[in-house]
Amino acid sequence: MSKPHYFDPLAGLVEKARRGDTFAARALVKAVTPSIWNLSWRLLHDAAEAEDVTQETLIRLWKILPSWKPGQARIQTWLHLVTTNLCFDRLRKSRRFVYGETLPEQSDPSPLPDAGLLQEVMQSRVDRALGGLPHRQRAAIILTHYDALPAREVGVILGISVEAVESLLARARRALRLALKDDKQEFFQPSVGGTAA
Amino acid sequence: MTQISSDPLASLLEQAGPVPTPPLARIEAAAMAAYKAQNLGRPLWPVRLAALAALVIVGFGGFIAFQSWQTSQSNQKAMQADADAFAEELITANLDPTY
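Bear in mind the structure is a predicted one, so any value in this text is a computation, not a measurement.

About the cut-offs
Residues numbered from 1 in each chain as written. Chains lettered and ligands numbered in written order. Predicted model: local features only at pLDDT ≥ 70, side-chain atom pairs only at ≥ 80, totals over all residues. Contact = placed C-beta atoms within 7 Å. Helix = DSSP H or I, 4+ residues; strand = E, 2+ residues; numbered from the N terminus. Nonpolar A, V, L, I, M, F, W, Y, C, P; charged D, E, K, R; others polar. pLDDT = per-residue confidence, 0-100. Buried ≥ 20, exposed ≤ 12 C-beta atoms within 10 Å, placed from the backbone. Axes fitted to C-alpha atoms, helices over the stretch in contact; angles between N-to-C directions. Parallel < 35°, antiparallel > 145°, perpendicular 65-115°, else oblique. Left-handed = near helix turned anticlockwise from the far one by under 90°.

Draft legend 1. Quick look at the interface of chain B and chain A. Taken together, the contacts link 24 residues of chain B with 33 residues of chain A. Put simply, the parts of the chain that give the side of chain B that touches chain A at least two residues each are α1 (8-13) and α2 (24-41) of chain B. Broken down by element, the side of chain B that touches chain A gets its largest block of residues, ten residues, from α2(B). Of the residues belonging to the side of chain B that touches chain A, the class tally is 18 nonpolar, five polar and one charged.

What follows is the structure, given as structure tokens:
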């Protein structure tokens, strides 16, 4: 059975970069860097580490280019896969709780002085809830929600079946709902009030 | 800014902290340095060998084609000369037309 062929919008740049076209290589770097950076930053929550991962991923891209077969996979999927694996390696080695050091402790339950602070607190709570998820669940949520990838592609990146992705996402969503349970009411109140007014 | 989506969890996830701007210039410089280093280190002999082989094949084929054309030309000239000589012989032979 022949392998499926995918449409890859970056295929032209990849082919030219493979032949040694420096301009195409530069354009390819500009096109893929933001998504690699976003994924690595969301997984690691550390700018220096995210930069290292982004650079390492691009170096691996150059290494794979000579043997890259166009049409068998999207280059973005491959880049997501490498980025995710590099981030997992770093998370395993450091064994750190990603968000714990930089974020404030549980917020004061008393009314908040302004919307900006409320938003800041909300951000830190969501970040902490995401950071509390196991690595693979967090990656599944990030790839599905923030990168808007379909389950099939997330499965390729994480090396699991579509059913396993769905199960991973269900567990992640359950854990997030649990972690953010108390915040939901608080979060929706000002927004609902604002819309009604 | 805040939207009320059909999925409250998705709305909550939208409230996550923003991703900082990537240091694009630094990343691009490092990536291009790695790309150029890899391209410089790439061996050129396969390309050169392939070009030489193509040149030899084209040259040999061209030589054979030229030789064949030249032979056919000289053969044609020889046949023409034979035909002319035979015609001349017939004219000068003073053959008896009643025979």
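Structure shown, so let's carry the discussion forward.
Draft legend 2. Spatial organisation of the confidence of the model for chain B. Residue and element names in this part refer to chain B. In the predicted model, chain B carries a mean pLDDT of 84, and 87% of its residues have values of at least 70. Ranking the elements of chain B by mean pLDDT puts α1 last, at 78, and helix α3 (residues 45-92) first, at 92. Within the model, pLDDT remains below 50 along residues 1-5, and this stretch shows eight contacts once partners closer than five positions in the same chain are excluded. On the interface metric, ipTM, the complex scores 0.74, and its pTM is 0.67.

Draft legend 3. How the structure looks around the environment of Pro34(A). In this structure, Pro34(A) sits in helix α2 (residues 22-44). Sequence separation between Pro34(A) and Thr54(A) is 20 residues, and the spatial gap between their C-alpha atoms is 9.1 Å.

Draft legend 4. A look at unusual backbone geometry. Residues and elements named next belong to chain A. With a phi close to 55 degrees, His-45 is a non-glycine residue in the positive phi region. Backbone geometry places Ala-148, a non-glycine residue, at a positive phi of 55 degrees. The exposed category is assigned to Ala-148, around which 8 C-beta atoms lie within 10 Å.

Draft legend 5. Broad picture of the packing of helix α1 (residues 11-18) of chain A against α2(A). Residue and element names in this part refer to chain A. Taken N-terminus to C-terminus, the directions of α1 and α2 make an angle of 135 degrees; their axes are 8 Å apart at the nearest point. Comparing the axis directions of α1 and α2 gives the class oblique. Like other packed secondary-structure pairs, α1 and α2 cross with a definite hand, here left-handed. Along its contact with α1, which presents Leu-13, Val-14, Lys-16 and Ala-17, the element α2 presents Ala-24, Ala-25, Ala-27, Leu-28 and Ala-31. Class assignment for the residues of the contact of α1 with α2 results in eight nonpolar, no polar and one charged.

Draft legend 6. Here's a closer look at the packing of helix α7 (residues 151-158) of chain A against helix α8 (residues 162-179) of chain A. Residue and element names in this part refer to chain A. At a minimum axis separation of 8 Å, α7 and α8 run at an interaxial angle of 95 degrees. By the angle between their axes, α7 is roughly perpendicular relative to α8. Residues Ala-151, Arg-152, Val-154, Gly-155 and Leu-158 of α7 form the contact with α8, whose own contacting residues are Val-162, Ala-164, Val-165 and Glu-166. Looking at side-chain class alone, the contact of α7 with α8 contains six nonpolar, one polar and two charged residues.

Draft legend 7. Local environment of the confidence of the model for chain A. All names here are of chain A. For chain A, per-residue confidence averages 81 on the pLDDT scale, and residues scoring 70 or more make up 78% of the total. At the low end of the mean pLDDT range in chain A sits helix α9 (residues 181-196), at 49; at the high end sits helix α3 (residues 47-64), at 94. Between residues 100-107, whose pLDDT stays under 50, and residues either more than four places distant or in other chains, the model counts five contacts. Per-residue pLDDT stays below 50 along residues 188-197; that stretch engages in six contacts with residues further than four places along the chain or on separate chains.

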